[in-house]
Amino acid sequence: MKAIMKREIKNYLKRPLFWIGVVLVAAGVFMNLKPYLNVHYVSSQDELDELARDYPETVPDADVHDGYVPSSEEQRRELWEKQICEVFVSKFLMDQAEAEAVIREMEGMDIGEACGYLEKEYHFYGAIFTYGCTQYRKGTKEEVNSYIESKLQKKSFSYYFSKKFADFAGLFMAFFATVMLAVLFMQDTRKNTYELLHTKAISAGSYVTGKIAGGFSVCLIVLVILSLVFWMACCICTRSSGFEVRWIDFAIAGCLYILPNMLMIVCVYGLISLVFKNPLPAVPLLVLYMVYSNMGSRNAEGVYGYYGRPLAIMVRFPGTLFDTTPPPMALLNQSFLILASAGIILICVQLWKRRRI
């Protein structure tokens, strides 16, 4: 087993295409994480005004690096009413007094009732969308700095950043593994080699686990490289702000949210390779698997978003940097992935035994 695993690792490390893939993955992850590396305490209001100069006052989804902070429920209602007034004046051709009178009519109503009232009485459609756009608003220097400080008092900066790292690194590494692992069983499934391997004294368990361990170790090496690179980038970029950055946060995020996915991808390659005596049919299957894993859905309230899917090989972390949370049941799903991978390995061992000459 160890000899097979070492051979596969050496074979990958000697391929220039492997290192090109690592660079492309790192570049793709960096392009998505770059805005979060720019998070810092704002030194002046002019800096903040320049940052968000061309942005609207409120948006449905923005982050602190753009100069936005979450709105409280009271602030959202106030901003919503202000925007409703502006629409009545600009598009319904009411004067300001008439628009304000409509707002007073809705006092005591919750947002759902108020939106229904506007649709029924004034044929104003889209009020609920307007309310959704008030979730984040432009903050002042004090508000932005206070928001950052309040979040960093609870957790280290790397705790939040590592979740975004796991999001995008897991996404790009899934594509990387799908491409690079296609050659893991390629040589062994050629007719002459396949028959020769079955005449060797090596046991089915040693062969299968050695191959899968080799492919998984290659993914682990890439993850370690990416974790070190972005840990150092995080340390360098946040040094002036004095944010706490810990390597252990990257290690935990990688182990929980990326490695089980890589193990499942390797196992799928192993199973398909032994069933069809060719690893290539696994490529379109894994692409469909990634599409399934990355699809959004609706929760019990009918709100569309990313909530995760059973046995998904991606764990996404949508939302702002400091409000990032794992999807529901994410850790349980990762545990199921490990158990499913173990089951696939056992199946692969039996397939190899049955086809021994």
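A brief structural summary. This structure is a prediction, so every number in the text was calculated from the model and none was measured.

Here is what the cut-offs are and how they apply
Residues numbered from 1 in each chain as written. Predicted model: local features only at pLDDT ≥ 70, side-chain atom pairs only at ≥ 80, totals over all residues. Heavy atoms only, no water. Axes fitted to C-alpha atoms, helices over the stretch in contact; angles between N-to-C directions. Helix = DSSP H or I, 4+ residues; strand = E, 2+ residues; numbered from the N terminus. Left-handed = near helix turned anticlockwise from the far one by under 90°. Contact = heavy atoms within 4.5 Å. Nonpolar A, V, L, I, M, F, W, Y, C, P; charged D, E, K, R; others polar. Phe/Tyr/Trp six-rings, centres within 6.5 Å; stacked < 30°, edge-to-face > 60°. Buried < 20%, exposed > 50% of the residue type's maximum accessible area, 1.4 Å probe, protein only. Core = buried A, V, L, I, M, F, W, Y, C linked by side-chain atoms within 4.5 Å. Pairing = 2+ DSSP bridges.

**Comments concerning the packing of helix H1 (residues 2–13) against helix H11 (residues 204–237)**
Alright, step 1. Direction vectors running N to C along H1 and H11 enclose 40°, while the axes themselves pass 7 Å from each other. Here the hand of the crossing between H1 and H11 comes out right-handed. Across from Ile-4, Met-5, Arg-7, Glu-8, Ile-9 and Tyr-12 in H1, the residues of H11 making contact are Ser-206, Tyr-207, Gly-210, Lys-211, Ala-213, Gly-214, Ser-217, Val-218 and Ile-221.
Alright, step 2. Of the residues in the contact of H1 with H11, the class split is eight nonpolar, four polar and three charged.

**So, the packing of aromatic side chains**
Alright, step 1. Taken as a whole, this structure holds 21 aromatic pairs when the rule is applied.
Alright, step 2. Their ring planes at 80° and their centres at 5.0 Å tell us that Phe-18 and Trp-19 sit as a pair that is edge-to-face.
Alright, step 3. Residue Phe-18 is classed as buried on the basis of its relative accessible area, which comes to 0%.
Alright, step 4. Here the aromatic rings of Phe-88 and Phe-92 are separated by 5.0 Å at their centres, their planes lie at 70°, and the arrangement is edge-to-face.

**Focus: the nonpolar core**
Alright, step 1. Among the nonpolar cores identified, the biggest contains 82 residues, and Phe-157, Phe-165, Met-173, Leu-181, Val-208, Ile-265 and Phe-322 are the most heavily contacted of them.
Alright, step 2. At 13 residues, helix H9 (residues 157–180) tops the list of elements feeding residues into this core.
Alright, step 3. Aside from chain neighbours lying at most four places away, what touches Phe-165 is Val-29, Leu-33, Gly-170, Leu-223, Leu-226, Ser-227, Phe-230 and Phe-250.
Alright, step 4. Judged by nonpolar contacts, the second largest core, of 16 residues, contains Phe-88, Ala-99, Cys-115 and Tyr-131.

**Examining the sheet that holds strand S2 (residues 68–70)**
Alright, step 1. Read from one edge of the open sheet, three strands run S1-S3-S2, paired in antiparallel fashion. Unpaired on one side and paired on the other, strand S1 (58–59) and S2 mark the two borders of the sheet.
Alright, step 2. In the sheet, S1 pairs with strand S3 (residues 136–138) via two bridges, with the strands oriented antiparallel. Paired with Val-59 across the bridge in S3 is Tyr-136.
Alright, step 3. Strands in contact with helix H8 (residues 141–154) are S2 and S3; relative to S2, the strand with the most contacts, it is inclined by about 60°.

**Details of the packing of helix H13 (residues 259–276) against helix H14 (residues 282–293)**
Alright, step 1. Two elements in contact, H13 and H14, have axes whose closest approach is 10 Å; the angle formed by their N-to-C orientations is 145°. As for how H13 packs across H14, the hand of that crossing is right-handed. On H14, the residues that touch Met-264, Ile-265, Val-268, Tyr-269 and Ile-272 of H13 are Ala-282, Val-283, Leu-285, Leu-286 and Tyr-289.

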